[in-house]
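# Residue-level structure breakdown
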Amino acid sequence: MPIYANDPSRRTWLSVSEESDFPIQNIPFGVFLTRDDIITIGTRIGDYAIDLGALHQLGYFKDIPLTDDIFLQDTLNDFISDGQKTWRLVRNRISEIFEKSNETLKNNEDHKTVVLFSMDEIEMQLPVLIGDYTDFYSSKEHATNVGTMFRDPDNALLPNWLHIPVGYHGRSSTIIPSGTPIHRPMGQTLPKGADTPVFGPSRLVDFELEMAFITTDTNVLGEPISVDEAEEYIFGMVLFNDWSARDIQKWEYVPLGPFLAKNFASSVSPWIVTLDALQPFQVKSTEQEPKPLPYLQQKERHSYDINLQVAIGTENGNETTISKSNFKYMYWTMAQQLAHHTVNGCKVNSGDMMGSGTISGPTPDSYGSMLELSWQGTKPVKLNDGTERKFIQDNDTVIMKGYCANNDVRIGFGEVRTTLLPPFEAKKKG
Ligand code: MN
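Computed from a predicted structure; not experimentally measured.

### Points about the overall build of the chain
Broken down by element type, the chain carries 9 helices and 26 strands. For 430 residues, the compact-globule estimate of 2.2 N^0.38 gives 22 Å, and the C-alpha radius of gyration of the chain, at 22 Å, lies within 12% of that figure. Expressed as a percentage of its 430 residues, the buried residues of the chain come to 54%. Contacts spanning at least 24 positions in sequence make up 72% of the contacts within the chain whose residues lie at least 6 apart. Element-wise, carbon and sulfur atoms account for 51% of the exposed surface of the chain, whose accessible area totals about 19,500 Å². For the chain, the distance from the average position of its 38 positive side-chain charges to the average position of its 57 negative side-chain charges is 4 Å.

Written as structure tokens, this is what we have:
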């Protein structure tokens, strides 16, 4: 089915600024609370949030096979379950409704009043109920940097790394939308030179610059997804900050991998940009040597050219961009990750979230974590206000942004923004 919604020449009757991440060619999906405190599924064009529940009730999606309440829900899971054909029909229809020459909604003031919201009238929610969350470790530059620091520069990559998209099962209960502050976690760490651990606030709180993809129901238990079909089961992507406590991680991760160092928070951008909208930004993926096993050999192996950046905002309102990376640096593609994830018959559900792993580029200014940017604290990162950071301080805000651009169109993700508060203090009783 053609994706008319991607037509770069299309213009909308809504006013959209040139630099907007959300032109009419984007049409992402999200969930928000309206000014009347009603939860609904919506999309965004420019700085307008569009209530898809209201549009559907007013008949704008008639002749697309959708249940009556598909957009009147507090998550996108059921809509995602409807599959790629439905996503395309709906994106194409939204594009038509807001296309410049279409006057149906444009000239209906009553309808516009219930359908359109300004961004400051609404509150974005988590877009999906995440049943399961998996985090991969698929940037070769990141894995090499970490292996060099923690183990051996001559054998930085472990022997399995070039053969398997390495990953672990994370915890979905602490995935939060942009804007939700978090507390510096408490935990066990082993001080340098000590042989018994201490308990206290983590002193090495870090971000991980990642993206995550969201799946639809892909398979029945026992059935693998082939690498060449895998992308049909990916609904879209978000920016993903996988908060990490490096000192807790170092002490706890042997032998079963990350645990409390990783599950205190992961923050996501609230609009899911569909893989369809990202199609014009497919790029050839990096060569793989050695060749992976046949079930991981993807015919048209491609990545996506998504510019990424991280900034630290300080309490006094100062903001400094500290890293610029790109999703295209990933060694393993999303299709390879999903094929590997299901090759043993593992079932994947609608709304599952898969993190890419920290996305580091080849140069030191493109590293995706403070661990790498400050090289374990040996090279402090300078901020605009003259202060330095080795890791993230209390009351710092970490801001991640991402966008694709070519000569015709810019498709962006908006941002994921999270403030790190001091450790949680229980309210005193009495
Ligand atoms: Mn991670």
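### What to know about a negative patch on the surface
Taken together, the side chains of Asp68, Asp69, Asp78 and Asp82 define an acidic patch exposed on the protein surface. Residue placement: Asp78 occurs in helix α2 (residues 77-81). Classification of Asp78 by relative accessible area gives partly exposed; the value is 40%.

### Focus: the coordination of the manganese ion
Protein coordination at the manganese ion: the donors are Asp135 (OD), Glu208 (OE), Glu210 (OE) and Asp242 (OD), at 2.1 to 2.2 Å from the metal. Positions of the donor residues of the manganese ion along the chain correspond to the pattern D-x72-E-x1-E-x31-D. You can see Asp135 sitting in strand β6 (residues 133-136) and its partner Glu208 sitting in the loop between β12 (205-206) and β13 (209-215), a full 73 residues away along the chain. By the burial criterion, Asp135 is buried, and Glu208 matches it.

### Regarding helix α5 (residues 140-150)
Considered for burial, the residues of α5 that qualify are His142, Ala143, Asn145, Val146, Gly147 and Met149. Of the surrounding secondary structure, the elements contacted by the buried residues of α5 are α9 (370-373).

### Some details on the domain arrangement of the chain
As far as domains go, the chain holds domain 1 (4-124) and domain 2 (133-421). A straight line from the C-alpha centre of domain 1 to that of domain 2 covers 29 Å. Each partner contributes residues to the interface: domain 1 has 28 residues there, and domain 2 has 27 residues. In total, domain 1 and domain 2 occlude about 2,200 Å² of area from one another, counting both sides; carbon and sulfur atoms represent 58% of this. Contact with domain 2 buries surface across domain 1, with Asp21, Ile80 and Trp87 losing the most and accounting together for 25% of the total. At the junction of domain 1 and domain 2, the tally comes to 2 salt bridges. In this structure, the salt-bridge partner of Arg88 is Asp276, at a minimum N-O distance of 2.9 Å. Applying the counting criterion to the domain 1 and domain 2 interface returns 12 residue pairs in polar contact (both at pLDDT 80 or more). Elements with a minimum of two residues in the side of domain 1 that touches domain 2: β1 (30-33), β2 (39-45), α2 and α3 (84-97). A per-class count over the side of domain 1 that touches domain 2 returns 13 nonpolar, 10 polar and 5 charged.

### Quick notes on the side chain of Asn26
Examined against the element boundaries, Asn26 turns out to sit in the segment before β1. Excluding residues within four positions of it along the chain, Asn26 makes contact with Asp21, Arg91, Val273, Ala277, Ile411 and Gly412.

### Regarding helix α8 (residues 334-342)
Counting buried positions along α8 yields 9 of 9 residues, so the element is predominantly enclosed. When we look at burial in α8, the residues that qualify are Met334, Ala335, Gln336, Gln337, Leu338, Ala339, His340, His341 and Thr342.

Basis of the calculations
- Residues numbered from 1 in each chain as written.
- Predicted model: local features only at pLDDT ≥ 70, side-chain atom pairs only at ≥ 80, totals over all residues.
- Heavy atoms only, no water.
- Helix = DSSP H or I, 4+ residues; strand = E, 2+ residues; numbered from the N terminus.
- Rg over C-alpha atoms; globule rule 2.2 N^0.38 Å.
- Buried < 20%, exposed > 50% of the residue type's maximum accessible area, 1.4 Å probe, protein only.
- Contact = heavy atoms within 4.5 Å.
- Areas by Shrake-Rupley, 256 points an atom, 1.4 Å probe, with all protein chains shown as cover.
- Lys, Arg positive; Asp, Glu negative; His and termini not counted.
- Charge placed at Lys NZ, Arg CZ, Asp CG, Glu CD.
- Patch = residues over 30% accessible without salt bridge, like charges linked within 9 Å, V, L, I, M, F, W, Y side chains within 5 Å.
- Salt bridge = Lys/Arg side-chain N within 4 Å of Asp/Glu carboxyl O.
- Donors = N, O, S within 2.8 Å, 3.2 Å for Na, K, Ca; no water.
- Domains from an automatic or database assignment.
- Buried area = accessible area lost by both parts, 1.4 Å probe.
- Polar contact = N/O pair within 3.5 Å; in protein donor to acceptor, adjacent residues only side chain to side chain.
- Nonpolar A, V, L, I, M, F, W, Y, C, P; charged D, E, K, R; others polar.

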